[in-house]
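Residue strings, one per chain:
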Amino acid sequence: MTRLHETIETPLPIDEAFAFVADFANARLWDPGVASSERIDSGPVGVGSRYRLGVRMRGRVAPMEYRITTFEAPHRVVLHGEGSSVFAVDEIRFEPAGAGTRVDYTADIRLGGLLRLASPFAGGAFEKIAKDALGGMQRALDQRASTGDVVR
């Protein structure tokens, strides 16, 4: 298993940062490793909400499905993802930082099948993916803060 951990700070208020990031349909707007993201159920975002993502992996786009398993607005969301031989648990915590928000992102990624043999060598690649994702999240949240875009 590979564990990734990154923290960012944004001037966007906590309620807005949480609403934007917790709704994984927005993942394609901030994570360059996500080619597509959509909600596949209806109702308010919360425990049980499901998302289909197209994740860029080794030059192709692989499908993954995520489900929210913990939803403690506006402080914590946990999503479990599963795709072809990839399993992920993403825990995202939010806390006030002045007038803005500190976002603490931890992802546990486990490879299955034949990919599991590559696990010891995949750490560096996963770290780059995490840094790119958090960089994208930083830019998206900061842009929302500067333009006044509000997530509903």
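Residues numbered from 1 in each chain as written. Predicted model: local features only at pLDDT ≥ 70, side-chain atom pairs only at ≥ 80, totals over all residues. Heavy atoms only, no water.

**So, the overall build of the protein chain**
Part 1 of the argument: Regarding its fold elements, the protein chain presents three helices and seven strands.
Part 2 of the argument: Helices and strands in the protein chain line up, N terminus first, as β-α-α-β-β-β-β-β-β-α.
Part 3 of the argument: Going through the 152 residues of the protein chain one by one, you find that 45% of them count as buried.
Part 4 of the argument: For the protein chain, the share of sequence-separated contacts (at least 6 apart) that also reach a separation of at least 24 residues comes to 47%. (Helix = DSSP H or I, 4+ residues; strand = E, 2+ residues; numbered from the N terminus. Buried < 20%, exposed > 50% of the residue type's maximum accessible area, 1.4 Å probe, protein only. Contact = heavy atoms within 4.5 Å.)

**A word on the sheet that holds strand β7 (residues 100-111)**
Part 1 of the argument: Spatial strand order, β1-β7-β6-β5-β4-β3-β2: seven strands in an open sheet with antiparallel pairing. Every other strand in the sheet has two partners, leaving β1 (2-10) and β2 (34-39) as the edge strands with one partner each. Averaged over all neighbouring strand pairs, the angle between strand axes comes to 20°, with direction disregarded.
Part 2 of the argument: Pairing of strand β6 (residues 86-97) with β7, which is carried by twelve bridges, proceeds in the antiparallel orientation. Across the sheet, residue phenylalanine 87 finds its bridge partner in β7, namely arginine 110.
Part 3 of the argument: In this fold helix α1 (residues 14-22) packs onto β3 (50-57), β4 (60-72), β5 (76-83), β6 and β7, with an angle of close to 170° to the strand it touches most, β6. (Pairing = 2+ DSSP bridges. Axes fitted to C-alpha atoms, helices over the stretch in contact; angles between N-to-C directions.)

**So, the pattern of salt bridges**
Close approach of charged atoms allows side chains with opposite charge to pair.
Part 1 of the argument: On inspection of all chains with the given rule, the structure shows ten salt bridges.
Part 2 of the argument: Overlapping salt bridges, with partners in common, bring together Glu72, Arg76, Glu91 and Arg93 in one network. (Salt bridge = Lys/Arg side-chain N within 4 Å of Asp/Glu carboxyl O.)

**Concerning the nonpolar core**
Part 1 of the argument: Core analysis: the biggest nonpolar cluster contains 39 residues, and Phe24, Trp30, Ile92, Phe94, Met137 and Leu141 have the highest contact counts within it.
Part 2 of the argument: Once residues lying within four places of it in the same chain are set aside, the contact partners of phenylalanine 94 are Ile14, Ala17, Phe18, Val21, Pro74, His75, Arg76, Val77, Thr101, Arg102 and Val103. (Core = buried A, V, L, I, M, F, W, Y, C linked by side-chain atoms within 4.5 Å.)

**Considerations on the layout of surface pockets**
Part 1 of the argument: There is about 180 Å³ of room inside the second largest pocket.
Part 2 of the argument: Lining the second largest pocket are 13 residues; nearest its centre among them are His80, Gly81, Phe87, Ala88 and Val89.
Part 3 of the argument: Of all the secondary-structure elements, those providing two or more residues to the lining of the second largest pocket are β4, β5, β6 and β7.
Part 4 of the argument: Per-class residue counts for the lining of the second largest pocket are five nonpolar, two polar and six charged. (1 Å grid on protein atoms, 1.4 Å probe; cavity = no way out; pocket = protein on both sides within 12 Å on 5 of 7 lines; lining within 4 Å. Points joined across faces, edges and corners; volume = space filled by probe spheres on them. Nonpolar A, V, L, I, M, F, W, Y, C, P; charged D, E, K, R; others polar.)

**Considerations on the packing of aromatic side chains**
Each aromatic ring pair is summarised here by two numbers: the centre-to-centre distance and the angle between the ring planes.
Part 1 of the argument: For the structure on display, the rule yields six aromatic pairs.
Part 2 of the argument: Through a chain of ring-to-ring contacts, three or more aromatic side chains come together here, namely Phe24, Trp30, Tyr51, Tyr66 and Tyr105.
Part 3 of the argument: Just above the ring of phenylalanine 87 sits the side chain of arginine 110; from NZ or CZ to the centre is 4.5 Å. (Phe/Tyr/Trp six-rings, centres within 6.5 Å; stacked < 30°, edge-to-face > 60°. Lys NZ or Arg CZ within 6 Å of the ring centre and 35° of its normal.)

**Considering the confidence of the model for the protein chain**
Part 1 of the argument: Residue-level pLDDT values for the protein chain average 88, and 87% of them are 70 or greater.
Part 2 of the argument: Put simply, helix α3 (residues 119-147) is where the protein chain has its lowest mean pLDDT, 77, and α1 is where it has its highest, 98.
Part 3 of the argument: Low confidence marks residues 114-123, where pLDDT is under 50. Its contacts with residues over four positions away, or in another chain, come to nine contacts. (pLDDT = per-residue confidence, 0-100.)

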